Amino acid sequence: MIKLFKVKEKQREIAENANGKTPVKKQSAGELRLHRDISELNLQKTCTISFPNGKDDLMNFEVTVRPDEGYYLGGTFMFTFQVSPMYPHEAPKVKCKTKVYHPNIDLEGNVCLNILREDWKPVLNINTIIYGLFHLFTQPNYEDPLNHDAAAVLRDNPKMFESNVRRAMSGGYVGQTLFPRCM
């Protein structure tokens, strides 16, 4: 019986190709869920999404966050999302493309956000992740850092942290590290 379905499917593909149609690629469950998540996005006005590889590649996209409050006010931060076919059972891989002085983002762009790691659940979606990224900029967390130096300065001297953030966002040095302008 299984072979019968495969034969019918093969016959349908041959017929479609003969009619000049391009064969339709089946979407994985992850692609279907991601398509729904993207169509239901409710982004804040400070966040945008783009598809650098075109709308045919929904599994790889970019999100831009422009905080409108807090230490990072006026900055522009770009994140890449790589979504596995196992989505939503596996969290997307998110990297920050903008070099930033932040306790929860290291200099290589790795992001420390609990819902991307141990707290990921299939009921969460892309909108939740984008909201979480925005929240990292309005409320940086020194208790779970990737950049320990930035976390220590935020914890011990918030005024110095604010000065370091402004210097980094303006395209200056913080310690031995040069940050590109992102304002």
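Everything numeric here is computed off the predicted structure, so don't read it as measured data.

(A) Structural detail: the state of the cysteines. Scanning the model with the defined rule gives zero disulfides in all. Between C182, a cysteine without a disulfide, and C96, which holds the nearest cysteine sulfur, the sulfur-to-sulfur distance is 8.7 Å.

(B) Structural detail: the UniProt feature "active site" (unreviewed entry) in the protein. Within this structure's numbering, the places UniProt gives as "active site" (unreviewed entry) are C112. In this fold, C112 is placed in the loop between strand 4 (93-96) and helix 3 (126-138). With residues up to four places along the chain from it excluded, the contact list for C112 reads N104, R117, L136, D144 and L146.

(C) Molecular detail of unusual backbone geometry. A cis amide bond links Y87 to the next residue, P88, at an omega of 10°. You can see P88 is positioned in the loop between strand 3 (77-82) and strand 4.

Scoring rules and cut-offs
Residue positions within a chain follow its written sequence, with the count starting from 1. Local features in this predicted model are restricted to residues of pLDDT 70 or higher, and side-chain atom pairs are both shown and tallied only at a pLDDT of 80 or more, whereas totals for entire chains, interfaces and linings draw on every residue. Hydrogens and water are ignored here; the side-chain numbers use all heavy atoms of the structure. Pairs of cysteine sulfur atoms within 2.5 Å are what we label disulfides. UniProt positions are given in the numbering used here, feature names are shortened, and annotations may be inferred rather than shown by experiment. Helix and strand definitions here come from DSSP, where helices need a minimum of 4 consecutive H or I residues and strands a minimum of 2 consecutive E residues; each element is numbered from the N-terminal end. Residue contacts are counted whenever heavy atoms from the two residues lie within 4.5 Å of one another.

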